[in-house]
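Architecture at a glance
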Amino acid sequence: MADILRNLRAHPMFRAALIVPTSIMLIFSVFNLTAPPDPAKQAASFRLGVVNFDKGSIFPPIKVSDKVLDGLLGNLPFAVSKLDTREVARDALEMGDVSAVLIFPENFTKAALSSEQVEFEIWNSQHLTISETAVGAQLPNMVQLGMSAAIASMREALAAGRLPAAEMPVTATIETFNRAQSQASLVAPFVMTSATWLAAMVGAIMLFLATKEVPRGPAKALVRTILPVISLGLASLALAGVVALTIGDGTLFLAVWLTVWGVAVAIGWLINGLFSVLGMWSLVVVLPAAFYQPAIGGVQAPITAAPDWLRSIAEILPFDQLGATYRSVILGGGYDIPVTQFVWVGLNGLVLIWLGSIFVKKMRATET
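Residues numbered from 1 in each chain as written. Predicted model: local features only at pLDDT ≥ 70, side-chain atom pairs only at ≥ 80, totals over all residues. Heavy atoms only, no water.

Examining the packing of aromatic side chains
Evaluated as defined, the whole model comprises eight aromatic pairs. A connected cluster of aromatic rings, assembled from ring pairs, spans F253, W257 and W261. (Phe/Tyr/Trp six-rings, centres within 6.5 Å; stacked < 30°, edge-to-face > 60°.)

Brief notes about empty space enclosed by the protein
Evaluated as defined, the whole model comprises one cavity of 30 Å³ or more. In this structure, the largest cavity encloses a volume near 80 Å³. Taken together, 14 residues form the lining of the largest cavity, with A17, G203, A204, P228 and S231 sitting closest to its centre. The set of elements that each furnish at least two residues to the lining of the largest cavity consists of α2 (12-33), α8 (183-211), α9 (218-247) and α10 (252-278). Looking at the lining of the largest cavity residue by residue, the classes come out as ten nonpolar, four polar and no charged. (1 Å grid on protein atoms, 1.4 Å probe; cavity = no way out; pocket = protein on both sides within 12 Å on 5 of 7 lines; lining within 4 Å. Points joined across faces, edges and corners; volume = space filled by probe spheres on them. Helix = DSSP H or I, 4+ residues; strand = E, 2+ residues; numbered from the N terminus. Nonpolar A, V, L, I, M, F, W, Y, C, P; charged D, E, K, R; others polar.)

Focus on the nonpolar core
Note that soluble globular proteins tend to have their nonpolar side chains buried in a common cluster. Ranked by internal contacts, the top residues of the largest apolar core, which has 58 residues, are M192, V243, V256 and I271. Residue assignment for this core shows that the elements contributing at least two residues are α2, α8, α9, α10, α11 (283-291), α13 (308-316), α14 (320-331) and α15 (339-359). In terms of residues, this core owes the most to one element, α8, which gives 17 residues. Those residues within four positions of I271 in sequence are excluded, and the remaining contacts are W197, A200, M201, A204 and V286. (Core = buried A, V, L, I, M, F, W, Y, C linked by side-chain atoms within 4.5 Å. Buried < 20%, exposed > 50% of the residue type's maximum accessible area, 1.4 Å probe, protein only. Contact = heavy atoms within 4.5 Å.)

Observations regarding the packing of α8 against α14
In contact at an axis separation of 9 Å, α8 and α14 are set at 140 degrees when each is read in the N-to-C sense. For the element pair α8 / α14, the angle class is oblique. Crossing handedness for the pair α8 and α14: right-handed. Across the interface between the two elements, S185, A188, P189, M192, T193, T196 and W197 of α8 pack against L322, G323, Y326, R327, I330 and L331 of α14. The residue inventory of the contact of α8 with α14, partitioned by class, reads eight nonpolar, four polar and one charged. (Axes fitted to C-alpha atoms, helices over the stretch in contact; angles between N-to-C directions. Parallel < 35°, antiparallel > 145°, perpendicular 65-115°, else oblique. Left-handed = near helix turned anticlockwise from the far one by under 90°.)

As for the pattern of salt bridges
The final tally for this structure, using the stated rule, is three salt bridges. Among the salt bridges present, the one from K55 reaches E106, with a minimum N-O distance of 3.6 Å. Of this pair, K55 sits in the loop between β1 (47-52) and α4 (64-73) while E106 sits in the loop between β3 (100-104) and α6 (108-113); the two residues are 51 residues apart in sequence, bridging distant segments of the chain. By relative accessible area, which is 64% here, K55 ends up exposed. (Salt bridge = Lys/Arg side-chain N within 4 Å of Asp/Glu carboxyl O.)

Thoughts on the confidence of the model for the protein chain
Per-chain confidence: the protein chain averages 85 in pLDDT, with 91% of residues scoring 70 or above. Here helix α1 (residues 2-9) stands out as the least confident element of the protein chain, with mean pLDDT 58; α10 is the most confident, with 95. Low confidence marks residues 362-368, where pLDDT is under 50. Its contacts with residues over four positions away, or in another chain, come to 24 contacts. (pLDDT = per-residue confidence, 0-100.)

Regarding the layout of surface pockets
As a volume, the largest pocket reaches approximately 660 Å³. Forming the walls of the largest pocket are 26 residues, and the residues nearest its centre are W197, L270, L317, F319 and V345. Sorting the residues of the lining of the largest pocket by element identifies α10, α11, α12 (293-296), α13, α14 and α15 as the ones contributing at least two each. Counting residues per element, the lining of the largest pocket draws most heavily on α15, which supplies six residues. Taken together, the residues that form the lining of the largest pocket break down as 22 nonpolar, four polar and no charged.

What follows is the structure, encoded as structure tokens:
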């Protein structure tokens, strides 16, 4: 064992196997957590263009489009640009000056005050930024529901012989549980999930290349078992420091460090085990698992939002458990960390490491 470590220290990949996981977690976390996106600012940056051809009504003296628009914008954090013509609106949307366009027809008030079907137009576009495209896609349903409620309330008031009230008839009392301390808190579980997989994967590749010339035997297996614990321990230490600093809560440091360390070692052992048995062919499995984490990692969206083929895989192999674990550490909640699952992953990895380092022969051309 001592002789193997002395020889490994001279190998160009050995230091990389120790340093690269730390560098990945440090760089990935710093660049993502020091500039987290702010959902409130993203929503406020959405600019709605409004073309209002509505002629209103002389009796009762009302312009329903203005009332509906005031009610909607009072509950939605959008900026508004008033546009004169459809042509100007189309140009503004194409140029990205507005994110979507709402068009009221001439007979909007007339239809709203009668029993006619009320119609309006919404234009959106998918050539804009991701956040604008996402809000633009949701806008038709939001506006349609809001207008339907407002016009139904208005018709009921007029039928009773009174002017419609300016305020909304329904008020929500909002209570938020497990409130995030900062925007970095919301982003941290995603950063931790992606950094864990990337560091474990790259560290496993480096360690495999550094040890592939080492003769088979228990010493080789021991090196592949111990070094991930050391390298990922240092990497998770760096990640925990960045998370605690950017969130502004030093009490999270120890919990984040120990959780990430334990999970990263379990995943690292599994990936090292796959490399020990299959060599570089393991990348066929490991690369998709690492790079599909934003879709199946259980942080950005529930697993049910993933494409069907990914969801079917993720339901068999519960990748979303990692995201749920990190969310519970950072944001709280009633989720219990599945320690048994992570231990099972680590034990399977150890079995593969020792099997591949001692018994597996000539299954691949990349290892002697």
